[in-house]
Amino acid sequence: MSHPPVTLPRLTALVRQAIPRLLEGVVAPLAVFYGAMTLLDFKLALAAVVVWVYAGIGWRLVRGVRVPATMFLAAIAITARAAVAFWTGSWVWFFIQPELGTICISMAFLASVRLNRPLVQKLTLDYIHLPSAVLRHERVRRFFARITLLWAFVLLANSTVSIWLAVHESLGTFMLLRTSAVAVISGLAITFSIFAFKRLLHRLHVAHA
């Protein structure tokens, strides 16, 4: 190729970057909700989760750290979820709401493949620069289409499992099984996607060496 080979960070580096965000944005809110639900009551648990999210934003503002736009969106979303759950009086609705949104996202992934504009490609370009010559390659186009299909079904599977568990299981069982199932399904998909992408780039580099 006429440009330097494109490389990705090591998998361990990507994991180290993702773990703090995962703990703060996913694991901690669940732990706060379940802990407050156990020690206090349902409505106070909702309040505790909302306070946790806004405390994270406030802590960054006090320290002068830039707050990502996605964090503000997450705060708005969790406020809306808590309001609906508070109104219905059921923890099930607190967890089902984002799953319904995820199903819509999975449909958007499927539609993007049909329109020859796979969403995974757009998301990848937010973090990794790929030359236009690479993006036009037929192997690359097929790769992003297939990976987008993969993630459409991963998102759909995660949401289906989560909704079924929320409807049929207790809160404790739901949190344990849902967290485990989503972690396994998503972890396998992430690992496969990264290694498949690295393999694709390696093949392209070898073919044009």
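For the structure, see preceding data.
Values in this document were obtained by computation on a predicted structure and should not be read as measured data.

Here is what the cut-offs are and how they apply
Residues numbered from 1 in each chain as written. Predicted model: local features only at pLDDT ≥ 70, side-chain atom pairs only at ≥ 80, totals over all residues. Heavy atoms only, no water. Patch = residues over 30% accessible without salt bridge, like charges linked within 9 Å, V, L, I, M, F, W, Y side chains within 5 Å. Areas by Shrake-Rupley, 256 points an atom, 1.4 Å probe, with all protein chains shown as cover. Salt bridge = Lys/Arg side-chain N within 4 Å of Asp/Glu carboxyl O. Helix = DSSP H or I, 4+ residues; strand = E, 2+ residues; numbered from the N terminus. Buried < 20%, exposed > 50% of the residue type's maximum accessible area, 1.4 Å probe, protein only. Polar contact = N/O pair within 3.5 Å; in protein donor to acceptor, adjacent residues only side chain to side chain. Contact = heavy atoms within 4.5 Å. Phe/Tyr/Trp six-rings, centres within 6.5 Å; stacked < 30°, edge-to-face > 60°. Lys NZ or Arg CZ within 6 Å of the ring centre and 35° of its normal.

1. Thoughts on a nonpolar patch on the surface
Okay, so step 1: A contiguous nonpolar surface patch, about 340 Å² in accessible area, is contributed by Leu39, Leu40 and Leu44.
Okay, so step 2: Assignment of secondary structure puts Leu40 in the loop between helix H1 (11-39) and helix H2 (42-63).
Okay, so step 3: Judged by relative accessible area, Leu40 falls into the exposed class, the value being 54%.

2. Describing the side chain of Ser186
Okay, so step 1: Along the chain, Ser186 falls in helix H8 (residues 171-207).
Okay, so step 2: Of note is the side chain of Ser186, whose polar atom sits 3.0 Å from the side chain of Asn158.
Okay, so step 3: In contact with Ser186, other than residues within four places in its own chain, are Trp151, Val154 and Asn158.

3. Here's the deal with the packing of aromatic side chains
For any pair of aromatic rings, the description rests on two quantities: the centre-to-centre distance and the angle between the ring planes.
Okay, so step 1: Counted according to the given criterion, the structure contains 10 aromatic pairs.
Okay, so step 2: Measuring from ring centre to ring centre gives 5.5 Å for Phe33 and Phe95, while their planes differ by 85°; the resulting arrangement is edge-to-face. In this pair, Phe33 sits in helix H1 while Phe95 sits in helix H4 (residues 91-114), placing the two residues 62 residues apart along the sequence.
Okay, so step 3: Taking the centre distance of 5.9 Å and the plane angle of 55° together, the rings of Phe144 and Phe197 count as tilted. Note that Phe144 is positioned in helix H7 (residues 138-168) and Phe197 in helix H8, a separation of 53 residues in sequence.
Okay, so step 4: Classification of Phe197 as buried rests on a relative accessible area of 5%.
Okay, so step 5: One aromatic cluster is present, formed by Phe33, Phe42, Trp91, Phe94, Phe95 and Phe174 through successive ring pairs.
Okay, so step 6: When the ring centre of Phe86 is taken as reference, the NZ or CZ atom of Lys43 above it lies at 4.7 Å.
Okay, so step 7: Sitting over the face of the ring of Phe94, Arg81 holds its NZ or CZ atom 4.2 Å from the ring centroid.

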